[in-house]
Structures are given as C-alpha cells and as structure tokens.
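# Coordinate analysis (summary)
So you can see what is in the structure, the chains are spelled out below.
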Amino acid sequence: MATDVATEPSDKPVEELETVVVRFCGDSGDGMQLAGTQFTNVSAVFGNDVSTLPDFPAEIRAPQGSLSGVSGFQVSFSSEDIFTPGDEVDTLVAMNPAALKTNVKDLKRGGTLIVNEDAFDKGNLTKAGYESNPLEEEDELAGYSVHKVPMTRLTRDSVEGLGLSQREADRCKNFFALGLVYWLYERDPKPTQEWLKAKFAKKPEIAEANMRALAGGSNYGFSTEQFAVHYSVPPAQLAPGKYRKITGNEAVAMGFAAAAKLSGKQLVYAGYPITPASDILHELSKLKHFGVKTFQAEDEIAAMSAAVGAAFGGQLAVTASSGPGICLKGEAMGLGMITELPIVIVDVQRGGPSTGLPTKTEQSDLLLAMFGRNGESPMPVVAAATPGDCFAMAQEALRIAVEHMTPVILLTDGYIANGAEPWRIPNVSDLVPIKVEHPTEPNWEEDGERSFMPYKRDENLVRPWAVPGTPGLEHRVGGLEKKDVTGNVEYSPANHHHMTKTRARKVALIADDIPEQDVHGPESGDLLVLSWGGTFGSVRTAVRKAIAKGQSVAHAHLRYLSPFPRNLGDVVASYEKVLIPELNNGQLRLVVRSEFLVDAIAFNKIAGKPFLVSELNERIDEVLNA
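Parameters at a glance
Residues numbered from 1 in each chain as written. Predicted model: local features only at pLDDT ≥ 70, side-chain atom pairs only at ≥ 80, totals over all residues. Heavy atoms only, no water. Helix = DSSP H or I, 4+ residues; strand = E, 2+ residues; numbered from the N terminus. Rg over C-alpha atoms; globule rule 2.2 N^0.38 Å. Buried < 20%, exposed > 50% of the residue type's maximum accessible area, 1.4 Å probe, protein only. Contact = heavy atoms within 4.5 Å. Areas by Shrake-Rupley, 256 points an atom, 1.4 Å probe, with all protein chains shown as cover. Lys, Arg positive; Asp, Glu negative; His and termini not counted. Charge placed at Lys NZ, Arg CZ, Asp CG, Glu CD. Domains from an automatic or database assignment. Salt bridge = Lys/Arg side-chain N within 4 Å of Asp/Glu carboxyl O. Pairing = 2+ DSSP bridges. Axes fitted to C-alpha atoms, helices over the stretch in contact; angles between N-to-C directions. Patch = residues over 30% accessible without salt bridge, like charges linked within 9 Å, V, L, I, M, F, W, Y side chains within 5 Å. Parallel < 35°, antiparallel > 145°, perpendicular 65-115°, else oblique. Left-handed = near helix turned anticlockwise from the far one by under 90°. Nonpolar A, V, L, I, M, F, W, Y, C, P; charged D, E, K, R; others polar.

Turning our attention to the overall build of the protein. Along the protein, the regular secondary structure elements total 20 helices and 23 strands. Over its C-alpha trace the protein gives a radius of gyration of 27 Å, about what one expects of a compact globule, namely 25 Å for 626 residues. Summarising its shape, the C-alpha atoms of the protein cover approximately 95 × 60 × 45 Å along the three principal directions. Within the protein, the proportion of its 626 residues that are buried is 56%. Intrachain contacts of the protein at a sequence separation of at least 6 include 76% that bridge at least 24 residues. When the accessible area of the protein is evaluated, it comes to approximately 26,800 Å², of which 50% is carbon and sulfur surface. Of note, the protein has its 60 positive side-chain charges centred 4 Å away from the centre of its 81 negative side-chain charges.

As a further point, take the domain arrangement of the protein. Once the domains are mapped, the protein shows domain 1 (14-232), domain 2 (244-430), domain 3 (444-512) and domain 4 (525-625). Distance between the C-alpha centres of domain 2 and domain 3: 26 Å. Every contact between the two is made by 22 residues of domain 2 and, on the other side, 24 residues of domain 3. Linking domain 2 with domain 3 are 2 salt bridges. The partner of glutamate 340 in a salt bridge is lysine 506, with the nearest N and O atoms 2.9 Å apart.

Structurally, the position occupied by leucine 281 is in helix H10 (residues 278-284). Considering only alpha carbons, one finds leucine 281 and asparagine 249, 32 residues apart in sequence, at a separation of 9.1 Å. Ignoring any residue separated from it by four or fewer positions in sequence, one finds leucine 281 in contact with Tyr269, Thr294 and Gln296.

The next subject is the sheet that holds strand S22 (residues 575-582). The 4 strands are arranged S20-S19-S22-S23 in an open sheet whose pairing can be described as parallel. The open sheet has two edge strands, strand S20 (553-558) and strand S23 (601-604), and neither has a second partner. Between one strand axis and the next, the sheet turns by 25 degrees as a mean value, whatever way the strands run. Sheet strands in contact with helix H20 (residues 613-625) are strand S19 (525-532), S20, S22 and S23, and its direction is about 155 degrees off that of S23.

Spatial ordering of the open sheet is given by S3-S4-S2-S5-S6-S7, a layout of 6 strands whose pairing is mixed. Where the open sheet ends on each side, the last strands, each with one partner, are strand S3 (49-55) and strand S7 (145-149). Across the sheet, the axes of successive neighbouring strands diverge by a mean angle of 15 degrees, strand direction being ignored. As paired strands, S3 and strand S4 (residues 70-78) are joined by 7 bridges and run antiparallel to one another. Within the sheet, the bridge partner assigned to aspartate 55 lies in S4 and is glycine 72.

As a further point, take a negative patch on the surface. Judged by side-chain charge, Glu136, Glu137, Glu138, Asp139 and Glu140 come together as a negatively charged surface patch. Structurally, the position occupied by glutamate 138 is in the loop between helix H3 (122-127) and S7. Classification of glutamate 138 as exposed rests on a relative accessible area of 72%.

Here glutamine 587 is to be found in helix H19 (residues 587-596). Looking at glutamine 587, the relative accessible area reads 13%, which means it is buried. Once the C-alpha coordinates of glutamine 587 and alanine 602 are considered, the two residues, 15 residues apart in sequence, prove to be 9.4 Å apart. Sequence-distant contacts of glutamine 587, defined by excluding residues within four places in its chain, comprise Gln363, Ser364, Asp365, Leu366, Leu367 and Glu582.

Attention shifts here to the packing of helix H9 (residues 248-263) against helix H14 (residues 389-404). For the pair H9 and H14, the least separation of the axes is 7 Å and the interaxial angle reads 45 degrees. Classed by the angle they form, the pair H9 and H14 counts as oblique. Two packed elements cross with a definite hand, and for H9 against H14 that hand is right-handed. Contacts between H9 and H14 involve Gly248, Ala251, Val252, Met254, Gly255, Phe256, Ala258 and Ala259 on the former and, on the latter, Cys390, Phe391, Ala394, Gln395 and Leu398. Split into classes, the residues belonging to the contact of H9 with H14 amount to 10 nonpolar, 3 polar and no charged.

Cis geometry marks the peptide bond from threonine 275 to proline 276, where omega comes out at 0 degrees. Looking at the element boundaries, proline 276 is found in the loop between strand S10 (267-271) and H10. Of note, the amide linkage connecting serine 562 to proline 563 takes the cis form, showing an omega dihedral of -5 degrees. One non-glycine residue, leucine 461, lies in the positive phi region at around 65 degrees. Position of leucine 461 among the secondary structure elements: in the loop between strand S18 (449-451) and helix H16 (493-508). Phi angles above zero are rare outside glycine, and leucine 597 is one such case at about 55 degrees. Tracing the backbone shows leucine 597 in the loop between H19 and S23.

Okay, here's the thing in structure tokens:
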C-alpha cells in the first residue's frame, strides 16, 4: 500500500471554522500523547494559534482498558488569538470503551465522535463498566455525530507486507486516527512524515508502517461516505516574527540557558527527577555547549544543597522540583536564605498532598513557597502565566536572585509545564543580560588594616557576592545566625532580631524593582478578577467575554507574589468586589485579605484540571448579581 495521501479534489463540502477543539483519548499505550503532539505541531506550522492540555495517568502502565489508564491529549487551534485549550470538545477520538466513557461528557452536543469500533469487544466493555455496547444503543450517543471506524483492522491492512508482528502493527493505529483527523481538518501531514523518517531512521520499516497508517486514515476520510463534510481553520493573524511550539518546561530551560549565555556565567542545575518537573533537567542536559552544567543528585536534599554550594562558588545556581520535593528541600533552602546566596528554585506544582496526583495540575503550593521553611525565612516568589511566559520569568527569577542576593522561588504548574503554545522567538538584542559582580578588593578598613566584610550592605540591603579563593576576601558564612556586617556567629537576642528584620526588609524592597500591576479592562468598576499562575488563559478569556456582555469587570494577573507589586493595594481598592479564582482551597485569597483587608471572594477548584471558561463566567455572573 502506498504512503501517499489522497490529493484528488473532494466533492464533500468544506466548512470554515474559527476555533476547533480536538481530543485524542485511549489506553495509556495507544500513543495519544504522540498523536496530539503531532497534530499540534502540524497546526502550529500551518499558522494557527494553538493551546494544549495533555492528560495522562500517574501509573507508568495502568491496567490495559481500565478507566484509570485512559490517556488524553486536547488541542485547540484557531484563526484567532486564544488563551485556553477550550471547554467543550468539537471532535473526540476514542480508541476504546474506557476512553469513551471517561471523555464523552466533554463532547459538545452535535460534536464529531470517532471511535475504534474494533476495541468494543466484551472484555473491554466489561473493564470500562458497560453492561452493553454503547455503539449499538440508539439513545446512548444520540446527541453526537458518531463515526464507527474499524481502526485496528484497517491499520493492519495498511501495514500488511512489512513483516511486522500483530502487536507492532496495532501500535500504528494512533497514526491511522491521526491521518483521519488530518483529513477532517485539512492538515498537511508532511511535518509528521518528516518526523517519522527522522525518528525511525534506524528502523525504516517502523517509519514506513506509521506513514502507511497515516495515509490510510486520511484516505479513509477521503473515500468513505461516513463524513459528509470536512473543515478548514485558516491561519491566525499572529504578530510578525519567527515562532516555534514550546512547552513550559522547555521554556524554563531555555530561559535559564539564555541568561547564563548572555551573562557569561556558568549555569549549574542540580536536580532530582520528579513529575512534572523532570523535563527541565532533561532539556538543560542538552545545552552543555551554552554554559550549562547539570547534576542529578541522589535525592532532593542533596540537589538543593548542591545548588547552595554552586551559588557559594559564584555560579548561577538553579534547582527544580514539585511540591513533595520542595518540602524536602526546605532546610537547605533556609541555608541559602540565611547565607543570602542567589539561587532559583522552580516548583512545578501538582496535586497534593504527599504524592497526591502526580500527573494532574494544581496551585496548592503558594503558601508552601511563602512560608514553608522553619523560622522567619522570606523569599521572593514569582509565577509564570503561560508556557511561553516561562522563558521570561526564568530569567526574571535569576535577575532578582543575583541583583538582590537571595533565593527566589519560581512557580509553574503541571498545566503550564506540559501544555504548549506558539512562542515568538525573541531577538537576542532584546534580551537583557544579568549583571554579575564579584568583588575583588577588601571593602573595610580599620586601624590601617584592610579586610572583607561579607554582610556590608548597599542601599537595598544587598550584601556582596564574593567568590571563595579570591585573595583578601577570606570570610565565613553558614547556617548559624551571624552578626551583621562581619558575618561572625552571633547569638545575641538583639542581633537576631536585627538580622531577621533586615532580611525581611531586603525582600520587601524588591517591590521597588519590579513592574507595577497592570489591569485588563476598566481601571475601576464593579468587579476585579485577580488571578495568578496557569489560570491566566481561562480567566482572561472569561473576563473578555464578560466585558463584551457589557459587564463592569476587569482582570489583574499576578506574576509577582512576594513581594506584591507596589500598587496592588490601590488596584484592589478601585473595585466594589474582588474575585480570586484558584486551583486550591483559597491560598492567594488568604494572603490578599490579610495584606489589604479586602473581603475577597473565593472561587476554588481542586479537581486536577484547569478552570473552564464557562465555569468562570457563571461565577462572575453570580458575584455581580449577589
């Protein structure tokens, strides 16, 4: 069978759409993440704006055909500027009964449902909890446009003659499904074909099999009478520039590497694998030629301690983890804080507590970041808003750490880390290097003797960053409380009080070195929706819809959480009500109410999933009408 996609003009009508949401779902071994990623890549190359939501089980290999083992990948692609992977699904591809049962509720009424009918045998139906075959029940799926496709059989036919085992042949059915959806939405399969050739260059028979399956799916859509129409989504009018698809973890790694390269410093990343932060280590390990050194420690405690050591040695020091690992890093984070060394700690948040929901998103580490260390241990906390924003915020976190000599926590989350969007590659000339200064001369003279005082501070209470081994700059630092200026161990009550206040004041002064809070919408009015982190896209979209309806609503999204932007108090005071939507039980709301004495209203979702725009608009209506 040829691997060429049918190119004859189709007599089926083409309907032009503005935005489409597609979800691939199946068993965790069905390759749904790969199919979704390839569809995203092709749509991005075509010029659509895209936003994705990968969703996969925590188990490495959940029981085949089980509800808990379903893996999904949702992608929204549009001819307009979009911020979310969408609420309702337009086209759902379900590879087995479990995938259908767990996902069909998200398919909009009248939406396209494509199922692999070969998988709906008695065994799989039982595993999914079906008493009968839903594909044979008239009322079960009556609200959808159902297309029963024998994908397993057709895939085997497509790869016949290549000498593959039945198991190897069946693993290609994700590309059959992908080819069918490519045809349905007029996607060019060439980028995927080129990817397959490169990926399986040493196994050409596997590349050929997948390309045949891809072509088989597309040709099926072209030739079958099942599909009366297919669809076109024109390219988006994005700002001029060169774009690439990027995930949050990729952007974090690139941001750190770019900062190191521009600053002429070596970046030392010390980490320990943990979902969903591991890809930061993986990506940085590929960038050794950009002045990046990666170290996989034996545990989180060692990783954080190694980062402290790297910072003490004068390098740009970074580590990353998720909530459980941040807990383990706590003592060494306190060591970095009391020694006042520049370190960035990335917390890619996931569902908790304990090991919780490793592959699901949550925003429940804000209070951990702010207060989760023993003693008075204030640290600046910043948060990225989107996958692409991780590039800028990684550099900003490093800048604050170096310029203010303090550990900084950068918060992302599983949704941002694994999600993807088009990212306009910045011009190198637009990137600002981090200015690193290491003293080379003593900074103190007394009785004719010159010496170095490690805690002699500037106007921002920032101490000098001396590199060990520099002649004349011998000094001592450590975890015990030290006397201001000299750094000598000092236990006196008055000194401890003074040092605690000084370290807190230093962090508070960073508010003068960050942007003021901006607002989308009216500068005053009935309601301010205040958000942070990965909720940006859904909240911004909901507020835009509310404004379009004529409602007096504005949106402020926080990227700086400790200290807050210096004008935030004035911003929240300019509105009758403040609504704070969070993927936690109300952590930012607690801090905002405490800081500004405003009766902020909570909207909390703790389900391991992002907010739907519709949920937010309903809550906005409720608050305005209360």
